[in-house]
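Report on the structure
So the chains spell out like this:
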Amino acid sequence: MQEGQIRPFRDKLHHDLQNIGAAPLNFEIGVMEKMPEIKLGKNPVEHIREMLDENPMFRTVAYFSMEIGLRADIPTYAGGLGILAGDILKSAADLGVPMIGVTLMYRKGYFKQSLDSNGWQSENPKEWDPASKMTLLPDEIILTLENRKVKVRVWSYEIKGSSGFCVPVYFLDTDFEGNAEEDRQLTWYLYGGDQKYRLSQEILLGLGGVRIIRGLGYDNIRKFHLNEGHAAFLVLEMLREEGFENFEKIRQRGIFTTHTPVAAGHDYFSYDLVQRVMSINIVNQLKKMLSPEGVSMTELGMRYCSYVNAVSRKHGDVSRKMFGKTDIDNVTNGIHHPTWISPFIKNVFDRNIPGWTDFPERLVQAINIPPKEIWEAHQKSKQSLLDFVRKQTGATMDPEILTIGFARRATEYKRATLILSDPQKLQEIAGGKLQLIFAGKAHPRDNTGKTLIQRIWEKVRDHSSKISVTFIEDYDMDKASYLVQGVDLWLNTPRRPREASGTSGMKCALNGIPNFSILDGWWIEGCVEDVTGWAIGPASTEEQLVNYDETLDAKDLYEKLKGKVLPTYYENRDKWINMMINSIALNASYFNTHRVVREYCEKAYNLNWRGF
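Since the model is a prediction, treat every value here as computed from it, not as a measurement. (Residues numbered from 1 in each chain as written. Predicted model: local features only at pLDDT ≥ 70, side-chain atom pairs only at ≥ 80, totals over all residues. Heavy atoms only, no water.)

Details of the overall build of the protein chain
A count of helices and strands for the protein chain gives 22 helices and 19 strands. Entry remark: accessible area of the protein chain is about 24100 Å², with carbon and sulfur atoms responsible for 48%. (Helix = DSSP H or I, 4+ residues; strand = E, 2+ residues; numbered from the N terminus. Areas by Shrake-Rupley, 256 points an atom, 1.4 Å probe, with all protein chains shown as cover.)

A few points about the pattern of salt bridges
One pass over the structure, following the stated rule, counts 46 salt bridges. Here Glu182 and Lys196 are joined by a salt bridge, their closest N and O atoms 3.6 Å apart. Of the two residues, Glu182 sits in helix α4 (residues 181-184) while Lys196 sits in helix α5 (residues 195-215), which places them 14 residues apart along the sequence. Using a relative accessible area of 42% as the deciding quantity, one classes Glu182 as partly exposed. Through salt bridges with shared partners, one network takes in Glu146, Arg148, Glu182, Asp183, Lys196 and Arg276. (Salt bridge = Lys/Arg side-chain N within 4 Å of Asp/Glu carboxyl O. Buried < 20%, exposed > 50% of the residue type's maximum accessible area, 1.4 Å probe, protein only.)

Observations regarding the packing of aromatic side chains
All chains considered together, the criterion is met by 18 aromatic pairs. Ring centres of Trp375 and Tyr569 lie 6.4 Å apart, and the angle between their planes is 55°; this geometry places the pair in the tilted category. Of this pair, Trp375 sits in helix α14 (residues 371-393) while Tyr569 sits in helix α20 (residues 550-571), and the two are 194 residues apart along the sequence. The pair Trp375 / Tyr569 is uniform in exposure class, with both members buried. With a centroid separation of 4.2 Å and an interplanar angle of 5°, the aromatic rings of Phe388 and Tyr482 are classed as stacked. Of this pair, Phe388 sits in helix α14 while Tyr482 sits in helix α17 (residues 477-486), and the two are 94 residues apart along the sequence. In this structure Tyr482 comes out as partly exposed when scored by relative accessible area, which is 34%. Aromatic ring contacts, followed pair by pair, group Trp375, Phe516, Trp534, Tyr569, Tyr570 and Trp576 into a single cluster. Of note, Lys507 hangs over the ring of Trp340, and the distance from its end group to the ring centre comes to 4.8 Å. The lysine or arginine in question, Arg573, covers the ring of Tyr569, its NZ or CZ lying 4.5 Å from the ring centre. (Phe/Tyr/Trp six-rings, centres within 6.5 Å; stacked < 30°, edge-to-face > 60°. Lys NZ or Arg CZ within 6 Å of the ring centre and 35° of its normal.)

Considering the side chain of Thr417
Summarising the element assignment, Thr417 is placed in the loop between β14 (402-407) and α15 (423-430). Setting aside its immediate chain neighbours within four residues, Thr417 contacts Leu452, Arg455 and Ile456. (Contact = heavy atoms within 4.5 Å.)

Here we look at the environment of Asn592
The topology assignment puts Asn592 in the loop between α21 (573-588) and α22 (593-605). Assessed through its relative accessible area of 3%, Asn592 is described here as buried. For the pair Asn592 and Lys507, spaced 85 residues apart in the sequence, the C-alpha separation amounts to 8.9 Å. For Asn592, the contacting residues outside a window of four places in its chain are Gly334, Ile335, His337 and Pro360. There is a polar contact of 3.1 Å between the side chain of Asn592 and the backbone oxygen of Ser589. (Polar contact = N/O pair within 3.5 Å; in protein donor to acceptor, adjacent residues only side chain to side chain.)

Some remarks on unusual backbone geometry
Note the cis peptide between Arg496 and Pro497, where omega equals -10°. Tracing the backbone shows Pro497 in the loop between β17 (489-492) and α18 (504-510). In this model, Arg415 sits at a positive phi of 50°, which is unusual for a non-glycine residue. Mapped onto the fold, Arg415 is located in the loop between β14 and α15. Look at Arg415 and you get buried, because its relative accessible area is 4%.

Laid out in structure tokens, this is it:
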């Protein structure tokens, strides 16, 4: 928009504002170059609202994440970190928060999982066509990696919220003509390749992400939210933009969320590798900013962000101890309730709790829903799950038998096989009364995790057992929906205190499914014994990683399964249904990303969200 066009646009806007009793705006010439034209035929409020919604200059928060999970057929996520990122951006769209998302395009996804006849996991690319889901934008930037010019382009996906507000998510891509073959592969695999591959991807996300959004017109971003340390190199780009070392200004614009108390979850690069991929000048700059040993992406993010948070109350305690920082806050995770709700439970909510979709806190009113309605809706969800299991695996499961679900990343500390640790005792307690559904992927280089899956597979093949066990291959968002909507009870058995938060149990609570879990992460906040579910093992008091007698957890699991879980399900159905209702009223009303986004607006973004 040229100066001659801005003045009549400004005058018209002032006139519209006066008509609705608002104060005029003081726009300077040259600021509104990308302002959209007024759409005739709409009232002034709609003019102004659409202008604010659509123009990049009015977006003030950029959310950077190595993975973002939006839907199953866009396989740019590996697990909880990406699903949480997608849920947060969906809630931002529902609430009208002026955010954008930035991530990488993974042409071959995380991986497609398959198990051989012995239950050993193999991995294959998960090919997909971004052109069928997204819009390729004409904007490109150039980065220098190993003295090569690497072109970066960007795809856009718009999340349309319940209010009509859209949050765009930008996917950076190097797989196109003009780039060297090894550079084209940088956006092939999520968490693939060696250290150099990982470093190059994180340069692409951090430096490249900032440059891309600047080119798209996002010049008014006031807060850069780093979902873990993968994007921390954006600090270097912000320094470059300033032209001098104004660390305090950069720090005030940064927000850092840490998700893991496990050392392997924090990326670390040697200065030799950084110099090889970037330059000696960058290394010298980083050595002034960080420790002389190497580049910790978590340290880089934490040092140069003014607001740092963990993702549960307990994780906050652990993180403050782990990093030696007293000012780490906590914002307990949540889930995007419209994404994860069972269609049958949704119908019950729609009839009984007006406005629950926009205001999930109203789910406290679930306490007044007739128990029969909740039970009948759950049984329909359960039948859908069992039909899906039969279609996927050929296994026929009984809808009258208590069905427990466990679906997590297959890694040693999550202890997927804890419930199977004493098969004979489990048979004595629950033979003929229990069926188990497992799912989850092991990282391609995690042979211990693959061995865990193999142990479960052995139980699947044990036809002499009176406990039916099945495993769902290639776990993704769609398959997760069946499980978190249809099982009777959700199991989670991490080794304390390694579970930063966990969100799968929150998805279950939304659907009226109680949890049976170790007291770690979110469950410390969500567990009311015999009311929303049951705890396994002693209270979590550790503030650092410790070793303890795991047999105590297994013993408590078996004792509660025998003394509480099975008797309640089979002999006191009224109490079980009340626990289902309590899970909705006490847990789902709080553990949702609408509340999470509002907390970030208040604590970190300095925003008053639009609301409804």
